[in-house]
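Structural overview for review
This is what each chain is made of:
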Amino acid sequence: NRPPKDLAPHQRQPPNDQRPQGDCSLIKKTSNIVAIPATIHNPHNLLKSTHCTRNPVRNISESMCLAKAYNSKGDSIPRSLVHGAANVAMFLYTFGFLFFRVAELIPLVAHYPLQCLSAFVGYVVINRSTLLNRSAKRIFHFITLLGIIYLVDHHIPKSLPAPNKDNASKTVVITGANSGVGFETARQLAVDYGMNVVLGCRSKSKCDAAAKIINDEIASSRAGISKPARATPLIVDLADFGSVNSFVSQLQGMDIDVLLNNAGFLPSPNMPVNQYGLDPSFTSMHLSHFLLTEELLKRNPSMRVVNTSSGTHHFCAIPFAAPEFIRRAFPPEQNPGCVDEDFMRNKIKTETDSAAYIQAKIANLMHAVEIPRRHPQSTSVAIDLGWVGTHIQPFMEGILTPTDLGWMRSASVGVLPVLQAILLSDKELVEDLDRQWTDGGVVMNVFGRSEEPFSRPWWSESVNLGKSRMFELSFMLWDVSEALIQKHSKK
């Protein structure tokens, strides 16, 4: 324990007989050297020191002695920094979990209120108890979140129907089928259920590559089947009504059982109007799908239509159901209900704004609601996908993605409600509803369970956004869409 000889005399430790014995308060610091009492040069001696052991009431002094002995300048990271970093990591992970998993958490609480309340009370009791230290409580918190992820991804979702012979004879048309939800849906339908799928894509190379992957998997997994399924790539550009009409002409002679209107993108604000003088995102995600649906229903009147909507459509109501002081502090840019009379009269003919995506997504839902009213032989479903790990936004790609962290479902798990909407019979489709449903299309939530559209509490008559108001707007949107298509689709 002697200091090096080259140290200056004032830096050297004093002789043993001059060192303070067992009193941490007498520790002397020089520029970089800490003079530690002789009794604590050996950690075991600390437990023998009079100051730290003979008075059991003063256990804090014992920890202070150890902290000062081993946390001197440059020796180690202070515990406060370690605990602080752990708390920040826990907060950030929890925030990301709540933000991206809200589409699963809301129906989870709605369907299982008592179980969720019991689990929450149990969590609070355990987290507030003195049986666990801080580190153990953090571990318990992360285990709780991982348990919820497992429940909402693998345990609670409704089981898919078993493959049957009826599926093998069906044909499904899917837009946006070269990647993400569209591709994964086509792959599972063709490989697992033996259904023929038509891939509608904008890029020929990507479409051909996606079809090849699916057909190769069909060949390897369904060998020996007399009439195996097949993936057929066809080109369609939903920004161009002429391309949609050409796509429909290529489908002549096919009996289409299901149409999945899936293609979509996240528009940036201030995109200029297109060649039709319309909002380009609304044209691609709603109007072109409207045109495609109408043309295919002419030849396939009993066809089922499945529209990929989004939980973001609830933001057309949530801000307006908030207290007035919140609405004043954070005025929403979108119109009440998003697609209201003002939007259909004016905003549909302007450049995109920050609400363009949710406006298109609620239009997909309103379209699905209205289809059975205009085409009584058909059925329709709007899908609330929630957050699914695709490539629709740049932050979803990279070395560490939200899917890797468990914040989002993978595409293979996220397509479950889409598969349910396609595979369930007409009777099974409405068996989750509390009453006999005759009011049009239904909504499929993230667990593959049917819900009535506009049934959440924020769709309220008190703010003039109740079910009757939204059904009225759905009726108006159909007429406006039909008029725009008739005006521009022949150009």
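Numbers given for residues are sequential positions, taken from 1 along each chain in its written order. pLDDT decides what is reported in this predicted model: residues at 70 or higher carry local features, side-chain atom pairs at 80 or more are listed and counted, and totals for whole chains, interfaces and linings draw on all residues regardless. With hydrogens and water excluded, all non-hydrogen atoms of the structure serve as input to the side-chain values.

**Here's the deal with the packing of aromatic side chains**
Stacked, edge-to-face and tilted are the three classes for Phe, Tyr and Trp ring pairs, Trp counted by its six-membered ring, which pair at centre distances within 6.5 Å; planes under 30 degrees apart are stacked, over 60 edge-to-face, the rest tilted. All chains considered together, the criterion is met by 14 aromatic pairs. In this structure an aromatic cluster arises from ring pairing among F91, Y93, F95, F99, F100, F142, W387 and W407. Note on criteria: charge over ring means Lys NZ or Arg CZ within 6 Å of the ring centre, with the direction from the centre no more than 35 degrees off the ring normal. Over the aromatic face of F471 sits the side chain of R373, whose NZ or CZ is 4.4 Å from the ring centroid.

**Some points on the pattern of salt bridges**
For this document, the term salt bridge refers to a Lys or Arg side-chain nitrogen within 4 Å of an Asp or Glu carboxyl oxygen. Per the stated rule, a full pass over the model turns up 19 salt bridges. Close ionic contact of E104 with R409 constitutes a salt bridge, the shortest N to O distance being 3.5 Å. Highlighted residues: E104 in helix α5 (residues 102-111) and R409 in the loop between β8 (379-383) and α17 (411-414), separated in sequence by 305 residues. With a relative accessible area of 2%, R409 lands in the buried category. The partner of E184 in a salt bridge is R187, and the shortest N-O contact between them spans 2.8 Å. Highlighted residues: E184 and R187, both in helix α9 (residues 180-193), separated by three residues, approximately one helical turn. Here a helix means four or more residues in a row that DSSP labels H or I, a strand means two or more in a row labelled E, and each is numbered from the N terminus. Buried, partly exposed and exposed residues are distinguished by accessible area as a fraction of the type maximum, computed with a 1.4 Å probe on protein chains only: under 20%, between the cut-offs, and over 50%, respectively.

**Observations regarding empty space enclosed by the protein**
Grid points spaced at 1 Å and placed over the protein atoms alone form the basis of the search, with a cavity being a set where a 1.4 Å probe fits but cannot get out and a pocket an open set showing protein on both sides within 12 Å along at least five of seven lines. Lining residues have an atom within 4 Å of a point. Grid points are joined across faces, edges and corners, and a volume is the space filled by probe spheres set on the points. According to the stated counting rule, one finds two cavities of 30 Å³ or more in the structure shown. Taken as a whole, the largest cavity holds about 70 Å³ of empty space. Lining of the largest cavity is provided by H313, H314, D384, V443, E451, E452, P453, F454, S455, R456 and W459. Only Asp, Glu, Lys and Arg are considered charged, only Ala, Val, Leu, Ile, Met, Phe, Trp, Tyr, Cys and Pro nonpolar, and every remaining residue, Gly among them, polar. When grouped by side-chain class, the residues that make up the lining of the largest cavity number four nonpolar, three polar and four charged. Taken as a whole, the second largest cavity holds about 30 Å³ of empty space. Along its surface, the second largest cavity is lined by V152, D153, P157, R409, V413, L416, P417, V446 and F447.

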